[in-house]
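Residue-level structural notes
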Amino acid sequence: MRKVIMLFDRVATRRGALVVALGVAAAAAYAPAHAAGTEPADILITDGTIVTMDPARRVIDDGAVAIVGNRIAAVGTTAELKARFSPRETIDARRKIVMPGLIDGHGHAGHALLKTLGADSDTWNENVERMYAHGSTPDFWRADAMLAGLERLKSGVTTSVNFFGGGSDVYRVDEAKYGDAYVEGVRQIGVRWFLGVGPRRGPYPSGFTDWTGAAKRDFTVPFDRQLAVSEELIRKWNGTADGRIRMAVVFPTISPDDKLAGAALDEMVREAHAARDLSKRYKVLFLQDGHTRGTVKYANDVLGLLGPDAIFSHATNLTDEEIKLIASTGTRISHNPSAIFSMYGRNPATELIDAGATVMLGSDGVAPDRSFDMFRHMFQATRYHRFYFHDAKVLPAGKVLEMATIDAAKALGMEKDIGSLEAGKKADIILVDWFKPHLVPMNMPVYRLVYYANGEDVSTVLVDGRVLMRDRQVLTADEEKILTAAQRESDLAVTRAGLKGLDTLPEGFWGSTHLGPKTTK
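Small disclaimer: the values here were computed from a predicted structure and weren't measured.

1. Here we look at the packing of aromatic side chains
Taken as a whole, this structure holds 12 aromatic pairs when the rule is applied. Ring geometry for tyrosine 132 versus phenylalanine 140: centroids 6.3 Å apart, planes at 55°, classification tilted. Given a relative accessible area of 1%, tyrosine 132 falls into the buried group. According to the relative accessible area criterion, phenylalanine 140 is buried, its value standing at 0%. Of the aromatic side chains, those joined through ring pairs into one cluster are Tyr132, Phe140, Trp141, Phe164, Tyr182 and Trp193. In this structure, arginine 152 packs its charged tip against the face of phenylalanine 372, placed 3.8 Å from the ring centre. The ring of tyrosine 178 has arginine 172 sitting right over it, with the charged end atom 4.0 Å from the ring centre.

See below:
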């Protein structure tokens, strides 16, 4: 009897083992397949040249990047990561440079639909005022956002900082519906976006025009109402789209040459403090455009605006004292080497960096004469400073690439999440096709990126681990619809603003070395 029981136990054990084995096999049929001992991954980018921008600035030949969810799980050689991970999807990066998404530290909403319109006229700021404050509608701002987002995406720019307007500080903050439409447009593209909102330049109240079809309504808005609308937009949109949309506060740069005094000075200080307090209350960035000699000291001594959460754009012709102020307060600088402002004065980027300041690159795009292509602006930065010093070794290619990646991430307070390819960081990654006549031979990849590449070389873009563009095909939006809407809304805004005729060539365009009267040095 005992032998029978033991025989039954052995049979039962075998049957149990068989049931367990069958259960495992059944479960495997419904689970992502991965080799025994390997880790599951969502995406594995393999066989590329990895420019990591990590603390060691590693460049890995035949490298790979593993992505789990929206973050990077590992960076290493293809052999190492293929042995470690079993991915749902593999992206072949042969003949591609794999690098962090580029960061544009300064641009303007509205400019995508303006571009070169009236570029060589003497009424540039007036044209911007008429289009943005008096000719725009929510549909205009939505179309501009999608066009700008599309251009940046296709150029490998995965994060950007944008002022909600431009020109002479013309921001559309009379009602929240304009900002709402803009953010809704950006969200569809899928890239990261900082949008700076705040009161436009005084005197107040500021004039605006609202359109219902062909009917218009002119009205004025005081400072406090503009600030309240800005707060409404920040409260509604900051941190949305899984954190890809972040808001910021903008306040006009004030010059000591304005010679404000008495009640006018007191009121301006009140307004500046109100804007700065708004940025601190919501823990968002504080932005100012157009800094130059004297304005940084004024912003510090009179207004108390400096700090590590502040980004000052342009910052040309600074004094030694102002350079030290920026470095000591941790204030960030957005250097825009292709901007017209950089022709009027020099941004001392190299001196700022040597003093310990954080300097990022920006496009100041796109109107009136530049694109969102950060490869173009990296190259321009090298020429800009080397010409000044008459030294071809100033601002090496590696430093310039840092200014558009990891340094820019630090300027935004996001260096723990973006700016380099490291385990734990967000999977914001671009692939650059360098099997092209202007990039081959495929060696010295950082030099190729800074000196030879352009936005059209970007083949694939991921943000938050999501593929937004694959082999130049945008996956998140209909490119033709975006371009059609942009053309339509630009034409309508030009008509509403009374700007027809600004697309004609100015006198002296052909056959002359200078438009209008020549300036003397």
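Moving on, there is more to tell.
2. So, helix α6 (residues 176–189)
When the terminal C-alpha atoms of α6 are compared, their 21 Å separation across 14 residues agrees well with the 20 Å that a helix rising 1.5 Å per residue should span. Most of α6 sits inside the fold, with 10 of its 14 residues counted as buried. Here α6 has its buried residues at Ala176, Tyr178, Gly179, Asp180, Ala181, Tyr182, Val183, Gly185, Val186 and Ile189. Of the residues flanking the end of α6, it is glycine 190, one or two places downstream, whose phi is positive at about 100°.

3. Details of a nonpolar patch on the surface
The grouping of Leu505, Phe509, Trp510 and Leu515 at the surface amounts to a nonpolar patch, some 440 Å² of accessible area in total. Looking at where leucine 505 falls in the secondary structure, it is placed in the segment after α17 (479–497).

4. Overview of the pairing of strand β6 (residues 102–108)
Here β6 lies mainly inside the structure; seven of its seven residues are buried. Judged from the five bridges that link them, β6 and strand β7 (residues 157–163) form a sheet pairing that is parallel. Pairing of histidine 108 across the sheet is with phenylalanine 163, part of β7.

5. Let's talk about the sheet that holds β6
Sheet architecture is open: eight strands sit in the order β6-β7-β10-β13-β14-β15-β16-β17, paired in parallel fashion. Looking at which strands have only one partner, the edges of the open sheet turn out to be β6 and β17 (359–361). The average angle at which neighbouring strand axes cross in this sheet is 25°, direction not considered. Sheet topology places strand β13 (residues 245–250) next to strand β14 (residues 285–288); three bridges connect them, and they run parallel. The partner of valine 249 across the bridge, within β14, is phenylalanine 286. With respect to the sheet, helix α5 (residues 138–154) is in contact with β6, β7 and β10 (192–197), its orientation differing from that of β7 by roughly 145°. Helix-sheet contacts for helix α13 (residues 374–389) involve β6, β7, β16 (332–335) and β17, and the interaxial angle to β6 is about 85°.

6. Let's talk about the environment of serine 342
Within the secondary structure, serine 342 sits in helix α11 (residues 341–344). The exposure class of serine 342 is buried, given its relative accessible area of 7%. Along the sequence, serine 342 and threonine 316 sit 26 residues apart, while their C-alpha atoms lie 7.0 Å from each other. Those residues in contact with serine 342 that lie beyond four places of it in its chain are His335, Asn336, Pro337 and Tyr384.

7. Focus: the pattern of salt bridges
Under the definition given, this model contains 39 salt bridges. Its salt-bridge partner being aspartate 104, residue arginine 152 comes within 2.9 Å of it at the nearest N-O pair. Note that arginine 152 is positioned in helix α5 and aspartate 104 in strand β6, a separation of 48 residues in sequence. Considered together, arginine 152 and aspartate 104 belong to a single accessibility category, that of buried residues.

8. What to know about the confidence of the model for the protein chain
The pLDDT averaged across the protein chain works out to 92; a share of 92% of its residues lies at or above 70. Mean pLDDT values for the elements of the protein chain range from 34 in helix α1 (residues 2–30) up to 99 in strand β18 (residues 429–433). Note on residues 1–32: pLDDT under 50 across the span, and zero contacts to partners over four residues away in sequence or across chains.

9. A look at the side chain of threonine 209
Secondary-structure assignment places threonine 209 in strand β11 (residues 206–212). Judged by its relative accessible area of 2%, threonine 209 falls in the buried class. At a separation of 2.8 Å, a polar atom in the side chain of threonine 209 contacts the side chain of histidine 134. Excluding anything up to four places from it in sequence, threonine 209 contacts Ala133, His134, Ser136, Arg172, Tyr178, Lys216, Arg217, Asp218 and Phe219.

Rules and cut-offs
Residues numbered from 1 in each chain as written. Predicted model: local features only at pLDDT ≥ 70, side-chain atom pairs only at ≥ 80, totals over all residues. Heavy atoms only, no water. Phe/Tyr/Trp six-rings, centres within 6.5 Å; stacked < 30°, edge-to-face > 60°. Buried < 20%, exposed > 50% of the residue type's maximum accessible area, 1.4 Å probe, protein only. Lys NZ or Arg CZ within 6 Å of the ring centre and 35° of its normal. Helix = DSSP H or I, 4+ residues; strand = E, 2+ residues; numbered from the N terminus. Expected span 1.5 Å × (residues − 1). Patch = residues over 30% accessible without salt bridge, like charges linked within 9 Å, V, L, I, M, F, W, Y side chains within 5 Å. Areas by Shrake-Rupley, 256 points an atom, 1.4 Å probe, with all protein chains shown as cover. Salt bridge = Lys/Arg side-chain N within 4 Å of Asp/Glu carboxyl O. Pairing = 2+ DSSP bridges. Axes fitted to C-alpha atoms, helices over the stretch in contact; angles between N-to-C directions. Contact = heavy atoms within 4.5 Å. pLDDT = per-residue confidence, 0-100. Polar contact = N/O pair within 3.5 Å; in protein donor to acceptor, adjacent residues only side chain to side chain.

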